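# A closer look at the structure
What follows is each chain in one-letter form.
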Amino acid sequence: MIENFIQFDFLRHTFLTGLLIGVIAPLLGTFLVVRRLSLLADALSHVTLAGIAFGLFIEKAFVFPYLSPIYSGMAFSVIGSVFIERLRAIYTSYQELGIPIILSGGVGLSVIFIALAKGFNTDLFNYLFGSVSAVSRNDFLMILFMSIAIITIVFIFYKELVTLSFDEEYATVSGIHSKRIHFLFIILIALVIAASIRIVGILLVSALMTLPVAAAMRHAKSYKQLIFYSIVWGELSVILGIISGYYLSIPPGGTIVVISIIILLISIVWNKTKQPATV
Amino acid sequence: MTESVVSLRNINFSYENKEVLKDINLDIPKGSFIGLVGPNGGGKTTLIKIMLGLLTPESGSVYLLNEKLSSFKRWNRIGYVSQKSNAFNKGFPATVFEVVAMGLTAKIGYLRFFRREHKEKVMHALSQVGMESYAKQNIGQLSGGQQQRVFIARALVGNPELLILDEPTVGIDYKNVEQFYSLLNKLNEEKNITLFLITHDTGAMTKHATDVVCLNKTLHFHGKTAEYTQLTDEDLSKIYGHPVNIVVHDH
C-alpha cells in the first residue's frame, strides 16, 4: 500500500513534507492553543491565500513561472502577522478584534486577485484543500529547510515561550522581552502555515495546528507531554490522511482533518472512562 | 541609615482624569516586612505596578536596589506574586516543577539551557514552601493554597532580595492563612528577604509584619505595626473615608 509513496518522486516528496508539517504544525499549535489564540491560525491562513492568489496572478499575467506562489503566500502571511500585532496594540481591550479584520481582509484580497487573473485552474483548488501531487522537489527542500529552522528556534526559545504562554505579565516582570518573543512566535506561526498549505490546504491548516493539541490536552500532565502527544497525533493524522487521500482520490486536507477529529473523539471518550475531565 | 531596596520619589499617577496616586514618597528598607493596606481603589496595586515598571508614572522616579528603574536589569532579584496568579488558566498543562522553573527563565537568559543545577534550585525553592512532593503534579489540580505556595516558590527560585505580593491570601482558607504568614516570617527572618505585601486582611498581617503603610491616593500612615494598631477608629476613618475597625485575630 505504501510502495507507491516510495516509488514515485512526487508522492515521496508529499509524504516526507507531510512528516515535517506533522511535527511543526502541532508543535507551534501547542502555544497557540494554551494562549487561546487558535483563531489566529485561521486569520493568517486566509492572508496566505491572498498571497498565493497574488502569486498565481503574477504568474499568469506576466508569465513568470519560476517563483512558487508559496513564497508570496509566506510574505503575505508574515505581513498579516505584523498587522495583527499592530491591531492588538491599538485595541488593547479587544485583543481578538485583529483576527476577523485580517481574516476578512485576506479573503477580500484573494477575491480581487482571482478576479484580476480571470479565474484559475485546478491550482487554486489544490491550495484550498491540499493535494498529494502538488509538492515539487523544490517545495520539499524549502519546507525541509524551514522546518529545521522552526524546530531549532522553538528549541532555543522554549523556556521563554512556555513562560510567556503561562503568564504574560509575570514573564514581563521577570525580565523577559515579552513583546519580542511574542513577535517571534507570530512570525513562526506565519511560516508554519505557509509551509503546511501545500498538503492540508489553506482552509484546513489551522485544524492541523489545533486538533492534535486538543486531543493531547486530554491526557498531558506537563507541557513536554503536551508537545509529545500533539506531535504523535499530528503525525498519525498526516500519515493516514495522505495515504487514504491518495487511494480514495480525496484532497488530503479533508482526510487529515477527519482523522484528527476521530483521534480527538477517541481521546475524549478514552479519558472520560479513566478519570473526570479537568481541562 | 539603612539601605533601601525600593525608593519612590514624588510619584503621581492618573487613570485618564482620575487621580490615583499623589505625591508618593516611600522607602522600603532592606530586611523589612511591610504590609500595604488601604481602601479598594486607593491605588495599592497601581503603586506596585509602578514599582515593577508595568505602569509608567506621570511624574516622579522609581529606584530599585539603588538603581533607576529605566536602567534596572537585575529583575531576578525581585520576586513578584500578582493578584492574578491564582487566576491563571487552570487547564494549562504544566507540572508544579515546570511552573517554578519559569522563575528561572529570565535568570538563565537567552540562548542558554536549563541544566541540572537549575533543577536543584527548583527543588530547593519547592522545599522552602513545603511543596517538593508535588513537583510532578499538574498545577491546575492543586488547591488554591497549594497553588499560591507554588507561585511563591516561583518567585523564590531566582533568589530574590525583595518579594512583592499582591493579596496573596485571597482564596486561601482561614487555617492556611496563618501557615502562609509563618512561611513569610521564616523567609524574612532566615533568608533576610524584604517583603512588601498588599492585603485586606489587616488582622492577620499586623501579627506578622514589622511595618505598615496605609495608602489612599496619598500615604496616610507609614510606621511600625505597633503604632498602626494603636490608631483610633477616628484616624482610620479619615484614611479610608468611612468608618472602619481593624479585626485583630487573637488565638
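These notes cover the structure that comes with them.

Bringing a nonpolar patch on the surface into the picture now. Among the surface-exposed residues, Ile-90, Tyr-91, Tyr-94 and Ile-101 of chain A lie close enough to one another that they form a single nonpolar patch of about 420 Å² accessible area. Its place among the elements puts Tyr-91 of chain A in the loop between helix H4 (69-90) and helix H5 (98-116).

All names here are of chain A. For H5, spanning 19 residues, the distance from its first C-alpha to its last is 27 Å, which sits close to the expected 27 Å at 1.5 Å a residue. Listing the buried residues of H5 in full gives Gly-98, Ile-99, Ile-102, Gly-106, Ser-110 and Phe-113. One side of H5 holds all its buried residues, which, seen down the axis, span an arc of 100°. Turned more than 90 degrees off the buried face of H5, the exposed positions are Val-111 and Ala-115. The elements touched by buried residues of H5 are helix H3 (38-62) and H4. Directly beyond the C-terminal end of H5, a positive phi value near 55° is found at Lys-118.

Once that is clear, we can look at the side chain of Thr-30 of chain A. Residue and element names in this part refer to chain A. Along the polypeptide, Thr-30 turns up in helix H2 (residues 9-34). Looking at Thr-30, the relative accessible area reads 0%, which means it is buried. Polar side-chain contacts of Thr-30 include one of 3.1 Å to the side chain of Tyr-223. Residues in contact with Thr-30, not counting those within four places in the same chain, are Val-213, Tyr-223, Leu-226, Ile-227 and Ser-230.

The subject of this paragraph is the interface of chain A and chain B. Counting from both sides, the interface comprises 30 residues of chain A and, opposite them, 31 residues of chain B. Around 2800 Å² of area is buried between chain A and chain B when both sides are counted, 64% of it from carbon and sulfur atoms. In terms of surface lost to chain B, no three residues of chain A exceed Phe-166, Tyr-170 and Val-173 of chain A, which account for 28% of the buried area on that side. Taken together, the connections running from chain A to chain B amount to two salt bridges.

Our focus in this paragraph is unusual backbone geometry. All names here are of chain B. Its identity as a non-glycine residue notwithstanding, Asn-10 has a phi of 50°, on the positive side. Considering the arrangement of structural elements, one finds Asn-10 in strand E1 (residues 4-15). Of the residues examined, Asn-10 reaches a relative accessible area of 40% and is grouped as partly exposed. Located in the positive-phi region is Asn-159, a residue other than glycine, with phi close to 60°. Tracing the backbone shows Asn-159 in the loop between helix H5 (144-156) and strand E7 (162-166).

This part is about the sheet that holds strand E2 (residues 18-29) of chain B. Residues and elements named next belong to chain B. The four strands are arranged E2-E1-E4-E5 in an open sheet whose pairing can be described as antiparallel. In this open sheet, the two strands that pair with only one neighbour each are E2 and strand E5 (67-68). Sheet analysis places E1 next to E2, joined by eight bridges and oriented antiparallel. Across the sheet, the residue bridging to Ser-14 is Glu-19, located in E2. Across the sheet, helix H1 (residues 44-51) touches E1, E2 and strand E4 (59-64), and the angle it forms with E2 is around 60°.

Moving on: the environment of Leu-164 of chain A. All names here are of chain A. Considering the arrangement of structural elements, one finds Leu-164 in helix H8 (residues 158-166). Residue Leu-164 is classed as buried on the basis of its relative accessible area, which comes to 2%. Sequence-wise, Leu-164 and His-182 are 18 residues apart; in three dimensions their C-alpha atoms are separated by 7.9 Å.

An α-helical turn contains 3.6 residues, so a residue and the one three or four places further along point in the same direction. Residues and elements named next belong to chain B. Taking 1.5 Å per residue as the helical rise, helix H4 (residues 116-128) with its 13 residues ought to reach 18 Å, and the 19 Å between its terminal C-alpha atoms agrees with that figure. Of all the positions in H4, only His-118, Val-122, Ala-125, Leu-126 and Gln-128 are classed as buried. Each buried residue of H4 sits inside an arc of 160° when the element is viewed along its axis, so together they form one side. Among the exposed residues of H4, those oriented more than 90 degrees off its buried face are Arg-116 and Glu-120. Packing partners of the buried residues in H4 comprise helix H2 (96-101), helix H3 (105-108), H5 and helix H6 (174-190). Following H4 by one or two positions, Gly-130 has its phi on the positive side, about 70°.

What counts, and where the lines are drawn
- Residues numbered from 1 in each chain as written.
- Chains lettered and ligands numbered in written order.
- Predicted model: local features only at pLDDT ≥ 70, side-chain atom pairs only at ≥ 80, totals over all residues.
- Heavy atoms only, no water.
- Patch = residues over 30% accessible without salt bridge, like charges linked within 9 Å, V, L, I, M, F, W, Y side chains within 5 Å.
- Areas by Shrake-Rupley, 256 points an atom, 1.4 Å probe, with all protein chains shown as cover.
- Salt bridge = Lys/Arg side-chain N within 4 Å of Asp/Glu carboxyl O.
- Helix = DSSP H or I, 4+ residues; strand = E, 2+ residues; numbered from the N terminus.
- Expected span 1.5 Å × (residues − 1).
- Buried < 20%, exposed > 50% of the residue type's maximum accessible area, 1.4 Å probe, protein only.
- Arc of directions from axis to C-beta.
- Contact = heavy atoms within 4.5 Å.
- Polar contact = N/O pair within 3.5 Å; in protein donor to acceptor, adjacent residues only side chain to side chain.
- Buried area = accessible area lost by both parts, 1.4 Å probe.
- Pairing = 2+ DSSP bridges.
- Axes fitted to C-alpha atoms, helices over the stretch in contact; angles between N-to-C directions.

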